[in-house]
Amino acid sequence: MTRTTSAHAAVMLLVVPLALVGWQGGLWHSAAISLANLVAVLALATQFRRGAYTDRFGWVVMTAGMLVLLVHNAEHALTLLATGTADDGAFSLLSLLAGYALLLTGGMLVTVPYARGDGGGIIDAAVIGLAAASLVWALVLAPAHRRLGSSPATMLYDMALLLLITAMSGAVVRAAVTAREARPSALYLLAAITATNIANTANTLVEASQAAGTESWIAGLWVVAYLAFAAGVVHPSGTAIAGPERPPQSLTRRRLAFLGAALAVDPAIAGIQQALGRPVDITLLSVGALLIVPLVVTRIGLLARWHADAVSRLHHLASLDELTGLPNRRTLTAHLDAALDRTAQGISPGTVVLYLDLDDFKAVNDNHGHTSGDRLLQAVAARVRGCVRSTDLVARFGGDEFVVVLEGTPGTVEAVVVPSIERALAEPVALGPVTVSGRASIGVAAIRPGERADAGSLLHRADAEMYRAKRSHRSGAEPPAGTPDPPPGAPLVPAS
């Protein structure tokens, strides 16, 4: 049994005794809740000591939130011990809200790697959760507060608390559904959030109904909430919640329908209240809009970015060669047409086309397989790209054929670039255990300012020159200067 598993088992063993302590009533309630809260803090500290967290800042914020809640519970217990009453002052209320806010913020930071891949899903879950919280508020808690005669500030506080906790539940539910490796820990955290929500709601309802003898099970819920959080933290699957990025989730029709229904909840509640002649809950309508509208705007932004990325990927696939990353034949033709047009108008000093065909490519494929052939093509592409300017185009025409399009004075370009490429390709290419030749036959075709030619005809001329150069190589003519031994066509030799 690992140390993490042992810690998880120890936390689970504390559920029953602490729940029974809380059941005793009075000061025991606060003592049990504070002890359970302390267990959650210790669980976080234990994971820090073991180095379980790679991104520590989010967990630090969550720990700070749990510490603030511990201060809140301790202050509540001391007040009860000193005065015999549990009336909450401003410090108690603010510390509770601050603790939940820090927990939510830390949870969001912890799940940033996950949210990068599923930000849309997280937002969708939060919007749906907020809609559910609005229904709970309108149907259950708001009527209870009206019976209590609560002040607008108290109602606003309880509403903010409900929405804050429910927002956390949305993200956790999303993680539990999509991240299988993190599901046990996520389910523990979901149990903690659910118990917290039920306890907060029940507390308000108990005050409104003035029911006696119900505080014990509410205290038990708080104990369960803190211990479930601790169990989720120390469970071996806990670190997977912030694990590797996951593929982005698309906005399906079903999810879009849920989002539409969620957005309509607050206006629908206001409309029903108006139709029944009841006061419209302006606070709910305003706070709901302030929370949901930014989420929806962010969701739309994510969709727009996803669409732009999809368009960019399609353009990439349509214009570039997948193996080498060079422009493909379609892009080459468009670029060459534009260069020829500029040359014909006298804007460009000339257009030069180099047509390259590898001399020994078939031998590489036959002797070492297509994977080695692919690696050779990638190496040649990189070498040729390194011999030309950033404004020049190097394209893969097909198979082991490459085309280079340059603009400049033809004689000068040919005299400088062709020898540079020949020298670069003369260097042997290491492919794992063997070294092969990357040399190529090069054909050159050019037009000068004022001349007109289409892309097809110029490529045909360069292709014909390339075959003339290849026949010269095969006939045993003197190889170009700088070409090392062995000559073209020599067998492959093992790398040293």
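Above: the structure in question.
Residues numbered from 1 in each chain as written. Predicted model: local features only at pLDDT ≥ 70, side-chain atom pairs only at ≥ 80, totals over all residues. Heavy atoms only, no water.

Attention now goes to the nonpolar core. Ranked by internal contacts, the top residues of the largest apolar core, which has 43 residues, are M66, L69, Y100, L103, W222, Y226 and F229. Of all the secondary structure elements, the ones that give two or more residues to this core are helix 3 (27-49), helix 4 (56-83), helix 5 (90-110), helix 7 (152-178), helix 8 (183-209) and helix 9 (215-234). At 13 residues, the largest contribution of residues to this core is made by helix 9. With sequence-adjacent residues up to four places away left out, Y226 is seen in contact with I33, A36, N37, A40, M66, L69 and N73. Membership of the second largest hydrophobic core comes to 32 residues, among which are F402, V404, A424 and V429. (Core = buried A, V, L, I, M, F, W, Y, C linked by side-chain atoms within 4.5 Å. Buried < 20%, exposed > 50% of the residue type's maximum accessible area, 1.4 Å probe, protein only. Helix = DSSP H or I, 4+ residues; strand = E, 2+ residues; numbered from the N terminus. Contact = heavy atoms within 4.5 Å.)

Before going further, it helps to spend a moment on the pairing of strand 6 (residues 440-447). For strand 6, the buried fraction is high: eight of the eight residues fall into the buried class. Side-chain alternation along strand 6 places A440, I442, V444 and A446 on one buried face and S441, G443, A445 and I447 on a second face that is also buried. For strand 1 (residues 351-358) and strand 6, the ladder comprises eight bridges, and the chain directions are antiparallel. Looking at strand 6, one finds that Y355 is bridged to G443. (Pairing = 2+ DSSP bridges.)

The end-to-end C-alpha distance of helix 14 (residues 410-426), which contains 17 residues, comes to 23 Å, matching closely the 24 Å that a straight helix rising 1.5 Å per residue would cover. Among the residues of helix 14, those classed as buried are P410, V413, V417, V418, S420, I421, A424, L425 and A426. Residues of helix 14 that are buried sit in contact with strand 1, helix 13 (361-385), strand 3 (401-407) and strand 6. (Expected span 1.5 Å × (residues − 1).)

On the surface, L135, V136, L139, V140 and L205 cluster together into a nonpolar patch covering about 380 Å² of accessible area. As for its position among the elements, V140 is in helix 6 (residues 112-148). By relative accessible area, V140 is classed as partly exposed at 30%. (Patch = residues over 30% accessible without salt bridge, like charges linked within 9 Å, V, L, I, M, F, W, Y side chains within 5 Å. Areas by Shrake-Rupley, 256 points an atom, 1.4 Å probe, with all protein chains shown as cover. Salt bridge = Lys/Arg side-chain N within 4 Å of Asp/Glu carboxyl O.)

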